[in-house]
Amino acid sequence: MTLAVHCKQLTKVYDTGGQKVTALNGIDLDISTGELMMLVGPSGCGKTTLISVIAGILDQDAGLCELFGENLLTMRSKDKLNFRARNIGFVFQAFNLLPSLNAAENVSIPLIINGTKRSVAERTAKTVLEQVGLGARWQSLPSQLSGGQQQRVAIARALVHNPRLIVCDEPTSALDHKTGNTVMALLKDVAMHKDRTLVIVTHDARIFNFADRMAEMDDGHIIKIQANTAPPPPHS
Amino acid sequence: MNHIALKMLMGDTGKYIGIVMGLTFASLIMTQQPAIFVGLMSRSYSFISDVGLPDIWVMDAKVQFVDDIKPLQETELYRVRGISGVAWAMPMYKGLLKARLTDGTFQTCNVIGLDDATLIGGPPQMLEGTLEDLRRSDSVIVDIDGATDKLGKPSLLPGGKPTPLKLGDSLELNDRRAIVVGIAKVTRTFQSQPVVYTTYSRAKNYAPRERKLLSFVLVKAKPGQNPAELTRRIREATGLAAYTQAEFMELTYQYFMHNTGIPINFGISVLLGFIVGAAIAGQTFYNFTLENLRQFGVLKAMGTSNWVLLRMILLQAVLVGSIGYGLGVGLTALFGHAMRHTILAFKFPWQLLVFSGAGVSIICVFAALISIIKVIRLEPAIVFKG
Ligand SMILES: Nc1ncnc2c1ncn2[C@@H]1O[C@H](COP(=O)(O)OP(=O)(O)OP(=O)(O)O)[C@@H](O)[C@H]1O
Ligand SMILES: [Mg+2]
């Protein structure tokens, strides 16, 4: 098994007007390809900070973070953008769809950023929307979709360019339990395969059993990593 | 990514209209106010431009503008006629005289006396009667605005419109009879008094007895004569001032520019329009970017470069700028068209299009710039913030 993410003594300190907050305090973490890793822990323990560094949208202050063997910190900013555009998919708690773009247009954005022609990108987007069960709703604006449907569009957007890593920050927190479960099952179903890694930050204990492994954080440290022995729940 | 930028912009119809309206307002103010200003300033010299035939105007050396009459002795006319290169030289009287209307009230009129033989310097357009009718005794030609308004017979009803002066009606200039034989259309001037045309010799009779009554000598250069060269010769030979028509217009224009409050008043309103327009349009555009910051952040996190984001914002600014500019200029033109028959001064030369275009561009570039700075500084990590 190859390493997707390799973090060694990762440290991040936020400095807001003289007041220093150590959000990551010497994180050691390896995540394999094909693995679904969950990050859990109390509010403010540094989960979001950690996936931001892993996804290459935030620079650490010390320590090493490698993604598929590449050190993003030392990459030229243009190469870093290209690396992100090709290799990473994002899913957010608040969906973050562009409100004036319809579902297909939203899903096509990562392809367009990667230089795909608009017509090709939107056609591909529609097939991915079918995979998440929204093939018929490709023309809908985000405001015309329910929360669960919007998150499914966001999952399609995270998948459309076939990235090697998908990072999700609280993907089910804005959804009710049943919808959250459906969305997680879908995510695991369509997103997971042996060449792809998922890192999911969550508070939501009810989705823990979707994980392969779970890293528990507190106050900028990883205090425990455990493998999931319970079988994943039946799809609902 | 361009289509995404346009959809972002037009997706929120309310804000989109807000930005466009701000820019429309700015461009309207920056075009319409200067158009009135240019129109007003062109009135300062419209009497000169109305007199088409002569090349050169000769007058007292101390004259500062067209209504600043400093009479000459009549012998000057003959001296000018004697200068080589002069094809002809004609006298003109211009002065303010009191007219007594039939109801006994008085009205100051701008009386123009034309050379008895040639009638050179007459009104640019006759509406009723002909210029030749001035050869009849006691005859005068009155401008249409004066005839319908200030020289008209007052209405019997309070607040009613006066009955316009007609051909054959008479009035009294300095106790002498004057009979209306023609109605003319003249370009409006700053002076709102009625304009009354008559012959030079009759104007002298109407005017109070004075030693000097000659206001201007109108000169035509011989074919092939350089007018600038001829004005120099006239100045040297007579010690009077001699200007080509364009120079005299410029002199008058400059007098009003430097000695009246018109430029400063309009300058202030144009500046205010610019500031208010810039504030509204710049503000709404910047707010629009701020509100979309999260969307830009998402694009950035997904790997969009600052350069592409910059192009997107510029495209948005160019689009709202062009629409606002087009609407503002269009509204100005409509305004000018609607006002064409009124007393309002309005002139819309192409330079004004450039002026307001530059103004709107500055506003848009500025608004886009501060938005771009904000987006470039944006940390993509904000996308995970709640
Ligand atoms: N941009 C920032 N500037 C300053 N401090 C920050 C910033 N982002 C996070 N922090 C601080 O860093 C610490 C870790 O924050 P982080 O967002 O990573 O926590 P979290 O585990 O994701 O919390 P939650 O579960 O509430 O989302 C917190 O104390 C937080 O206040
Ligand atoms: Mg968080």
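Our structure is the block above this text.
Residues numbered from 1 in each chain as written. Chains lettered and ligands numbered in written order. Predicted model: local features only at pLDDT ≥ 70, side-chain atom pairs only at ≥ 80, totals over all residues. Heavy atoms only, no water.

### So, the overall build of chain B
And step 1. Along chain B, the regular secondary structure elements total 12 helices and 10 strands.
And step 2. A compact globule built from 386 residues should have a C-alpha radius of gyration of about 21 Å, whereas chain B, at 30 Å, is more than 25% larger.
And step 3. Taken over the C-alpha atoms alone, chain B extends approximately 95 × 60 × 30 Å along its principal axes.
And step 4. Scored against the burial criterion, the 386 residues of chain B give a buried share of 47%.
And step 5. Across chain B, every contact between residues at least 6 apart in sequence was considered, and the portion connecting residues at least 24 apart equals 77%. (Helix = DSSP H or I, 4+ residues; strand = E, 2+ residues; numbered from the N terminus. Rg over C-alpha atoms; globule rule 2.2 N^0.38 Å. Buried < 20%, exposed > 50% of the residue type's maximum accessible area, 1.4 Å probe, protein only. Contact = heavy atoms within 4.5 Å.)

### Description of the overall build of chain A
And step 1. For chain A, the helix and strand inventory stands at six helices and 10 strands.
And step 2. The C-alpha radius of gyration computed for chain A amounts to 18 Å, which stays within 12% of the reference 18 Å derived for 236 residues, consistent with globular compactness.
And step 3. On the principal axes, the C-alpha backbone points of chain A span a range of 45 × 40 × 40 Å.
And step 4. Classification of the 236 residues of chain A by burial places 53% in the buried group.
And step 5. The long-range share in chain A, meaning contacts at least 24 apart out of those at least 6 apart in sequence, stands at 69%.
And step 6. Summed over its atoms, the accessible surface of chain A is roughly 10,100 Å², and 49% of this surface lies on carbon and sulfur atoms.
And step 7. Each charge sign in chain A was given a centre, from 24 positive and 22 negative side chains, and these centres are 8 Å apart. (Areas by Shrake-Rupley, 256 points an atom, 1.4 Å probe, with all protein chains shown as cover. Lys, Arg positive; Asp, Glu negative; His and termini not counted. Charge placed at Lys NZ, Arg CZ, Asp CG, Glu CD.)

### So, the packing of aromatic side chains
And step 1. Scanning all chains against the criterion turns up 16 aromatic pairs over all chains.
And step 2. Judged by centre distance (5.4 Å) and plane angle (75 degrees), the rings of B:Phe65 and B:Phe256 are edge-to-face. Of the two residues, B:Phe65 sits in the loop between β1 (56–59) and α4 (75–81) while B:Phe256 sits in helix α8 (residues 245–259), which places them 191 residues apart along the sequence. There is no split in this pair, since B:Phe65 and B:Phe256 are both buried.
And step 3. Centroid distance B:Tyr243 to B:Phe248: 5.9 Å. Interplanar angle 5 degrees. Geometry classified as stacked. The residues B:Tyr243 and B:Phe248 share a single accessibility class, namely buried.
And step 4. Taken together, the aromatic side chains of B:Phe47, B:Trp57, B:Phe216, B:Tyr243 and B:Phe248 make up a single cluster linked through ring pairs.
And step 5. We note A:Lys126 situated over the ring of A:Trp138; from NZ or CZ to the ring centre the distance is 3.9 Å.
And step 6. Here the guanidinium or amino end of B:Lys94 rests over the ring plane of B:Phe47, the centre of that ring lying 5.1 Å away. (Phe/Tyr/Trp six-rings, centres within 6.5 Å; stacked < 30°, edge-to-face > 60°. Lys NZ or Arg CZ within 6 Å of the ring centre and 35° of its normal.)

### A closer look at the pattern of salt bridges
And step 1. On inspection of all chains with the given rule, the structure shows 25 salt bridges over all chains.
And step 2. Two residues, A:Lys224 and A:Glu216, come together in a salt bridge whose shortest N-O distance is 4.0 Å.
And step 3. The class of A:Lys224 is partly exposed, set by a relative accessible area of 43%.
And step 4. Here B:Lys166 and B:Asp169 are joined by a salt bridge, their closest N and O atoms 4.0 Å apart.
And step 5. A residue is classified by how much of its surface remains accessible, and B:Asp169, at 14% relative accessible area, is buried. (Salt bridge = Lys/Arg side-chain N within 4 Å of Asp/Glu carboxyl O.)

### Comments concerning unusual backbone geometry
Residues and elements named next belong to chain A.
And step 1. Here the phi dihedral of Gln9 falls at roughly 50 degrees; this positive angle occurs in a residue that is not glycine.
And step 2. The backbone of Glu170 shows a phi angle near 50 degrees, a positive value even though the residue is not glycine.
And step 3. The topology assignment puts Glu170 in the loop between β7 (165–169) and α6 (177–191).
And step 4. Take Glu170: its relative accessible area is 8%, and that puts it in the buried class.

### A short note on the site of ligand 1
Residue and element names in this part refer to chain A.
And step 1. Within the structure, ligand 1 sits among 13 residues, and Ser43, Gly44, Lys47, Thr48 and Thr49 are positioned closest to it.
And step 2. The backbone of Cys45 places a nitrogen or oxygen atom 3.3 Å from an oxygen atom of ligand 1.
And step 3. Between Lys47 and ligand 1, the recorded distance is 2.8 Å, taken from a side-chain N or O atom to an oxygen atom.
And step 4. Notes on ligand 1: free accessible area 620 Å², of which the protein chains cover 68%.
And step 5. Contributions of two or more residues to the shell around ligand 1 are made by β1 (3–16), β2 (19–32) and α1 (47–54).
And step 6. Tallied by class, residues from the shell around ligand 1 come to four nonpolar, seven polar and two charged. (Near = heavy atom within 4 Å. Polar contact = N/O pair within 3.5 Å; in protein donor to acceptor, adjacent residues only side chain to side chain. Nonpolar A, V, L, I, M, F, W, Y, C, P; charged D, E, K, R; others polar.)

### A word on helix α10 (residues 293–301) of chain B
All names here are of chain B.
And step 1. Most of α10 is tucked away, with eight of its nine residues classed as buried.
And step 2. Within the span of α10, buried status applies to Leu293, Gln295, Phe296, Gly297, Val298, Leu299, Lys300 and Ala301.
And step 3. Of the residues one or two after α10, Gly303 is the one with positive phi, at around 110 degrees.

### As for the sheet that holds strand β10 (residues 221–227) of chain A
Residues and elements named next belong to chain A.
And step 1. If you trace the six strands from one edge of the open sheet to the other, you get β6-β7-β8-β3-β9-β10, paired in mixed fashion. Of all the strands in the sheet, just β6 (88–91) and β10 have a single pairing partner and so form its edges. The sheet shows a mean angle of 20 degrees between the axes of neighbouring strands, direction not considered.
And step 2. Inspection of the sheet shows β7 paired to strand β8 (residues 197–201) by five bridges, in the parallel sense. Paired with Asp169 across the bridge in β8 is Val201.
And step 3. Packed on one face of the sheet, helix α5 (residues 147–159) meets β6 and β7 and runs near 170 degrees to β6.
And step 4. In the packing of α6 onto the sheet, contacts are made with β3 (36–40), β7 and β8, and the angle to β8 comes to roughly 160 degrees. (Pairing = 2+ DSSP bridges. Axes fitted to C-alpha atoms, helices over the stretch in contact; angles between N-to-C directions.)

### Description of the environment of B:Gly129
And step 1. Note on placement: B:Gly129 falls in the loop between β4 (125–128) and β5 (139–143).
And step 2. Residues contacting B:Gly129, with those up to four places away along its chain left out, are B:Leu167, B:Val181 and B:Gly182.

### A short note on the interface of chain A and chain B
And step 1. On the chain B side, the residues contacting the 26 residues of chain A number 21 residues.
And step 2. Connecting chain A to chain B are one salt bridge.
And step 3. Here B:Lys7 and A:Glu105 are joined by a salt bridge, their closest N and O atoms 2.2 Å apart.
And step 4. At the surface where chain A touches chain B, the tally comes to seven residue pairs in polar contact (both at pLDDT 80 or more).
And step 5. For the side of chain A that touches chain B, the elements supplying multiple residues, two or more each, are α1, α2 (77–87), β6, α3 (103–113), α4 (118–131) and β7 of chain A.
And step 6. If one sorts the elements of the side of chain A that touches chain B by residue count, α3(A) sits on top with five residues.
And step 7. Grouping the amino acids of the side of chain A that touches chain B by side-chain chemistry returns 16 nonpolar, four polar and six charged.

### Some points on the sheet that holds β2(A)
Each strand in a sheet pairs with another by means of backbone hydrogen bonds, the pair being arranged parallel or else antiparallel.
All names here are of chain A.
And step 1. With antiparallel pairing, the four strands of this open sheet are ordered in space as β2-β1-β4-β5. Two strands in the sheet have a free side with no partner beyond their single neighbour: β2 and β5 (70–71).
And step 2. Where strand β4 (residues 62–67) meets β5, two bridges bridge the pair, whose relative direction is antiparallel. When the sheet's bridge partners are listed, Leu67 is paired in β5 with Glu70.

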